[in-house]
Amino acid sequence: MLPYILIFVSAIFVNNIVLSQFLGICPFLGVSKKIDTALGMGAAVTFVLTVATIVTYLLQILLKAWHVEFLQTILFILVIAALVQMIEIILKKISPALYQALGVFLPLITTNCCILGVAIIVADEKKLLASLPAGAEYGLLSGTLFAFATALGFALALVLFAGIREQLALNKVPKAMQGTPIALLTAGLLAMAFMGFSGVVG
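Residues numbered from 1 in each chain as written. Predicted model: local features only at pLDDT ≥ 70, side-chain atom pairs only at ≥ 80, totals over all residues. Heavy atoms only, no water.

### With respect to the layout of surface pockets
Phase 1: By volume, the largest pocket is sized at about 200 Å³.
Phase 2: Forming the walls of the largest pocket are Lys33, Arg165, Leu168, Ala169, Val173, Gln178, Gly179, Ile182 and Ala183.
Phase 3: Elements that contribute at least two residues to the lining of the largest pocket include exactly α8 (140–169) and α9 (180–194). (1 Å grid on protein atoms, 1.4 Å probe; cavity = no way out; pocket = protein on both sides within 12 Å on 5 of 7 lines; lining within 4 Å. Points joined across faces, edges and corners; volume = space filled by probe spheres on them. Helix = DSSP H or I, 4+ residues; strand = E, 2+ residues; numbered from the N terminus.)

### With respect to the packing of aromatic side chains
Phase 1: Overall, the coordinates contain 5 aromatic pairs when judged by the stated rule.
Phase 2: Pairing Phe13 with Phe197 gives two aromatic rings, centres 5.0 Å apart and planes at 40°, and the pair type is tilted. Here Phe13, found in helix α1 (residues 2–14), pairs with Phe197, found in the segment after α9; they are 184 residues apart in sequence, far enough to count as distant.
Phase 3: Its relative accessible area of 28% is what places Phe13 among the partly exposed residues.
Phase 4: Between Phe194 and Phe197, the aromatic rings sit 5.7 Å apart at their centres with planes inclined by 65°, giving edge-to-face as the arrangement.
Phase 5: The class for Phe194 is buried, based on a relative accessible area of 6%. (Phe/Tyr/Trp six-rings, centres within 6.5 Å; stacked < 30°, edge-to-face > 60°. Buried < 20%, exposed > 50% of the residue type's maximum accessible area, 1.4 Å probe, protein only.)

### A look at the side chain of Thr53
Phase 1: Here Thr53 shows up in helix α3 (residues 35–65).
Phase 2: For Thr53, a relative accessible area of 1% gives the class buried.
Phase 3: Sequence-distant contacts of Thr53, defined by excluding residues within four places in its chain, comprise Val118, Val122, Gly143, Thr144 and Ala147. (Contact = heavy atoms within 4.5 Å.)

### Quick look at the environment of Leu168
Phase 1: Within the secondary structure, Leu168 is located in helix α8.
Phase 2: Under the relative-accessibility criterion, Leu168 is labelled partly exposed at 23%.
Phase 3: Sequence separation between Leu168 and Ile182 is 14 residues, and the spatial gap between their C-alpha atoms is 8.7 Å.
Phase 4: Setting aside its immediate chain neighbours within four residues, Leu168 contacts Val173, Ile182 and Thr186.

### Details of the packing of α1 against α8
Phase 1: Between α1 and α8, the shortest axis-to-axis distance is 7 Å and the interhelical angle comes to 35°. Considering the relative orientation of α1 and α8, their crossing is right-handed. Taken together, the residues of α8 that come into contact with α1 (itself represented by Tyr4, Ile7, Phe8, Ala11, Ile12 and Phe13) are Leu141, Ser142, Leu145, Phe146, Phe148, Ala149, Thr150, Leu152, Gly153 and Leu156.
Phase 2: A breakdown of the residues in the contact of α1 with α8 according to their chemical character gives 13 nonpolar, 3 polar and no charged. (Axes fitted to C-alpha atoms, helices over the stretch in contact; angles between N-to-C directions. Left-handed = near helix turned anticlockwise from the far one by under 90°. Nonpolar A, V, L, I, M, F, W, Y, C, P; charged D, E, K, R; others polar.)

### Focus on a nonpolar patch on the surface
Phase 1: Taken together, Phe47, Met86, Ile90 and Ile94 make up a surface patch of nonpolar side chains, about 380 Å² in accessible area.
Phase 2: With 3 residues, helix α4 (residues 72–94) is the largest single contributor of residues to the nonpolar patch. (Patch = residues over 30% accessible without salt bridge, like charges linked within 9 Å, V, L, I, M, F, W, Y side chains within 5 Å. Areas by Shrake-Rupley, 256 points an atom, 1.4 Å probe, with all protein chains shown as cover. Salt bridge = Lys/Arg side-chain N within 4 Å of Asp/Glu carboxyl O.)

### Quick word on the confidence of the model for the protein
Phase 1: Across the protein, pLDDT averages 89, with 100% of residues at or above 70.
Phase 2: Within the protein, α8 carries the highest mean pLDDT (95), whereas helix α5 (residues 96–102) carries the lowest (81). (pLDDT = per-residue confidence, 0-100.)

### Quick look at the nonpolar core
Phase 1: Among the nonpolar cores identified, the biggest contains 54 residues, and Phe28, Ile109 and Phe146 are the most heavily contacted of them.
Phase 2: Taken together, the elements giving at least two residues each to this core come down to α1, α3, α4, α5, α6 (113–123), α8 and α9.
Phase 3: Tallying contributions element by element places α8 first for this core, with 10 residues. (Core = buried A, V, L, I, M, F, W, Y, C linked by side-chain atoms within 4.5 Å.)

### With respect to α9
Phase 1: Over its 15 residues, α9 runs 21 Å from end to end, which matches the ideal 21 Å to within 8%, given 1.5 Å per residue.
Phase 2: By the burial criterion, the buried members of α9 are Ile182, Ala183, Thr186, Ala187, Leu190, Ala191 and Phe194.
Phase 3: Check the buried side of α9 and you find it contacts α1, α2 (25–30) and α8. (Expected span 1.5 Å × (residues − 1).)

Written as structure tokens, this is what we have:
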């Protein structure tokens, strides 16, 4: 039980996919102006990342059995694209407002390096074990938990960043720092804050 708790803590706080590994920066900067859209994107990424990891893990077993591992990247992208398309259809029917708010960034989940990166890490035993805390074993359960926790870490960073940016919009920011400069500076400070978790999990 302890290794699974450590996977959760490590993926969310210690090795946060955005703030420590710098994957998924595009949606992190693009959809973080409002907390509502950040929550929507976080939920969408969590669903896609978790399901895509399960599907791609099983797909990797077939690729190895047929000795066609070179097809990994293209097949993983196709799986992710199909899942994103499914989410687009569901959101369009259930929540048109959120669908409009996410705009172009919803299709961009397809090419979000965070999702593809985690899928590739989980599919590779050595890469996954290097990302997991000591004592964790390689397998579908560990991989899925790692992917889910990584997605939650992405969502947490996104929502925190969105909250800070909403507060910044209410304050007077020097003209030269408005927009992207203050956003990048804030992201850097947030990443430094998360560095405080370093060493919590061995």
